[in-house]
Amino acid sequence: MALSVHQGFDSFLQQLVPTAGERDAKARHRRSVEASLEASPFGVFLFRETGSFTHGTGVRGHCDVDLLVSIKASRPNSSDTALGWVKSTLQASFPSTEVVVRRPTVQVRFNGGAETWEVLPGFVTLRGGDTPVYDIPGAAGGWLDSAPTAHLGYVNEVNQIPAVAGGAKRLARLAKAWKYYNNVPISSFYLEMRAAQYVAGISNFIPVWDMCLFLEKLSGHQLAAMNDPKNKGGTVYRLLQRGNPPRRTVQAQYGGDPRQKGARCLPEE
């Protein structure tokens, strides 16, 4: 049965939702990961699951489980040290499983990588008032602010705006699919926050048009760093992973500069 373009996008979005079996498989090792870290010499205040599964923006076949571990020990000067603590602890608990540092997290690749946990060391600060703000490792080194509950709250808040109900998470899921299917080296978190920011500024959400306009907006501001919309976690960076010039990362999907070559998502007026 033939579908319209709009129906095709709706069907595609449904296909992107992770399956129940996938979610169960990814969560299978949670208790063992937490037990390993709880027994560590650095101590743990709490665990906070973050990322696509928790936010409802995951893409089928591309969802790792993200776990922030709030560490009791004093924050070391170097984030490399904190990542080393977590890696050593997990390696000792899972000697037959690949455990690697992939900034800003430590990856535990169960089942040959099919069930990957990404563990993020965090050190709670006093900067957020009632909102927990953590120092976490930066993608290239050093430390960054992170306010996971505030960021999730922002995405949920935009997603519940009546005129665009569900639009923030649907656009984030499309953007992440674009990233994964084209191997675009941009942070999923950056795309999610930018998607929510974009949807907050529109009056209705039409996936086929808004995905195009969203990509054009990313290209237009050259994947600039984004101020935290909740003013809790500092700056949201694009976290390019392969050193690509920012604008070229998006231009690659158009075969050049979309403005100069006329390769626009929308037809010319």
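Residues numbered from 1 in each chain as written. Predicted model: local features only at pLDDT ≥ 70, side-chain atom pairs only at ≥ 80, totals over all residues. Heavy atoms only, no water.

K.L.:
Looking at this model, I keep getting lost on the pattern of salt bridges. Mind explaining?
P.N.:
Side-chain pairing between opposite charges can occur once the charged atoms of the two side chains come close. Throughout the structure, instances matching the rule amount to 11 salt bridges. Ionic pairing is found between Arg30 and Glu34, a salt bridge with its closest N-O pair at 2.6 Å. With Arg30 and Glu34 both in helix α3 (residues 30-38) and four residues apart, the pair spans about one turn of that helix. A relative accessible area of 27% places Arg30 in the partly exposed class. Glu34 sits in the buried class, given a relative accessible area of 9%. Between Lys176 and Glu192 there is a salt bridge; the shortest N-O distance is 2.7 Å. (Salt bridge = Lys/Arg side-chain N within 4 Å of Asp/Glu carboxyl O. Helix = DSSP H or I, 4+ residues; strand = E, 2+ residues; numbered from the N terminus. Buried < 20%, exposed > 50% of the residue type's maximum accessible area, 1.4 Å probe, protein only.)

K.L.:
Could you clarify how one ought to interpret the environment of Gly61 in this entry?
P.N.:
Note on placement: Gly61 falls in the loop between α4 (52-55) and β2 (65-71). Using a relative accessible area of 55% as the deciding quantity, one classes Gly61 as exposed. Spatially, the C-alpha atoms of Gly61 and Leu16 are 8.5 Å apart, while their sequence positions differ by 45 residues.

K.L.:
What's the story with the nonpolar core in this structure? I'm lost.
P.N.:
It is characteristic of soluble globular proteins that their nonpolar side chains tend to be buried jointly. Counting 30 residues, the largest nonpolar core has Leu171, Met211 and Phe214 as its most contacted members. Contributions of two or more residues to this core are made by α1 (5-16), α6 (148-159), α7 (167-182), α8 (188-200) and α9 (207-220). Not counting chain neighbours up to four residues away, the residues in contact with Met211 comprise Leu171, Leu174, Ala175 and Trp178. Of all hydrophobic cores here, the second largest spans 24 residues; its members include Val33, Val69, Val106 and Phe123. (Core = buried A, V, L, I, M, F, W, Y, C linked by side-chain atoms within 4.5 Å. Contact = heavy atoms within 4.5 Å.)

K.L.:
Hey, could you run me through a nonpolar patch on the surface in this one?
P.N.:
Nonpolar side chains collect at one region of the surface, where Phe45, Leu46 and Val124 lie side by side and expose about 270 Å² of accessible area between them. Looking at where Val124 falls in the secondary structure, it is placed in strand β5 (residues 115-124). The class of Val124 is partly exposed, set by a relative accessible area of 44%. (Patch = residues over 30% accessible without salt bridge, like charges linked within 9 Å, V, L, I, M, F, W, Y side chains within 5 Å. Areas by Shrake-Rupley, 256 points an atom, 1.4 Å probe, with all protein chains shown as cover.)

K.L.:
Would you take a moment to explain unusual backbone geometry for this structure?
P.N.:
Glycine aside, residues mostly have negative phi, and peptide bonds are mostly found in the trans state. Note that the residue after Arg103, namely Pro104, is joined by a cis bond; omega there is 10°. Looking at the element boundaries, Pro104 is found in the loop between β3 (98-102) and β4 (105-110). Residue Gln222 is not a glycine yet carries a positive backbone phi of 55°. Residue position: Gln222 is located in the loop between α9 and β8 (226-227).

K.L.:
Where do I start with the packing of α6 against α8 in this structure?
P.N.:
The packing of two helices is summarised by the inter-axis angle and the distance between the axes. With their axes 9 Å apart at the nearest point, α6 and α8 run at an angle of 35° to one another. Crossing of α6 against α8: the hand is left-handed. Residues His151, Tyr154, Val155 and Val158 of α6 pack against Phe189, Glu192, Met193, Ala196, Gln197, Val199 and Ala200 of α8. Partitioning the contact of α6 with α8 into residue classes produces eight nonpolar, two polar and one charged. (Axes fitted to C-alpha atoms, helices over the stretch in contact; angles between N-to-C directions. Left-handed = near helix turned anticlockwise from the far one by under 90°. Nonpolar A, V, L, I, M, F, W, Y, C, P; charged D, E, K, R; others polar.)

K.L.:
It is not clear to me how the packing of aromatic side chains should be interpreted in this structure. Could you clarify?
P.N.:
Two descriptors summarise a pair of aromatic rings, namely the distance from one centre to the other and the angle between the planes of the rings. For the structure on display, the rule yields six aromatic pairs. Note on Phe123 and Trp143: the rings are 5.6 Å apart at their centroids and 85° apart in plane angle, and the pair reads as edge-to-face. Note that Phe123 is positioned in strand β5 and Trp143 in strand β7 (residues 143-146), a separation of 20 residues in sequence. For the pair Phe123 and Trp143, one class covers both residues: buried. Aromatic ring contacts, followed pair by pair, group Phe42, Trp85, Phe123 and Trp143 into a single cluster. (Phe/Tyr/Trp six-rings, centres within 6.5 Å; stacked < 30°, edge-to-face > 60°.)

K.L.:
It is not clear to me how α9 should be interpreted in this structure. Could you clarify?
P.N.:
Owing to its 3.6 residues per turn, the α-helix brings residues three or four apart onto one side. Taking 1.5 Å of rise per residue, the 14 residues of α9 would be expected to cover 20 Å, and the 19 Å separating its terminal C-alpha atoms lies within 8% of that figure. Among the 14 residues of α9, 10 are classified as buried, and the element is accordingly described as predominantly covered. Among all positions of α9, only Pro207, Val208, Asp210, Met211, Cys212, Phe214, Leu215, Glu216, Leu218 and Ser219 are buried. Of the residues flanking the end of α9, it is Gln222, one or two places downstream, whose phi is positive at about 55°. (Expected span 1.5 Å × (residues − 1).)

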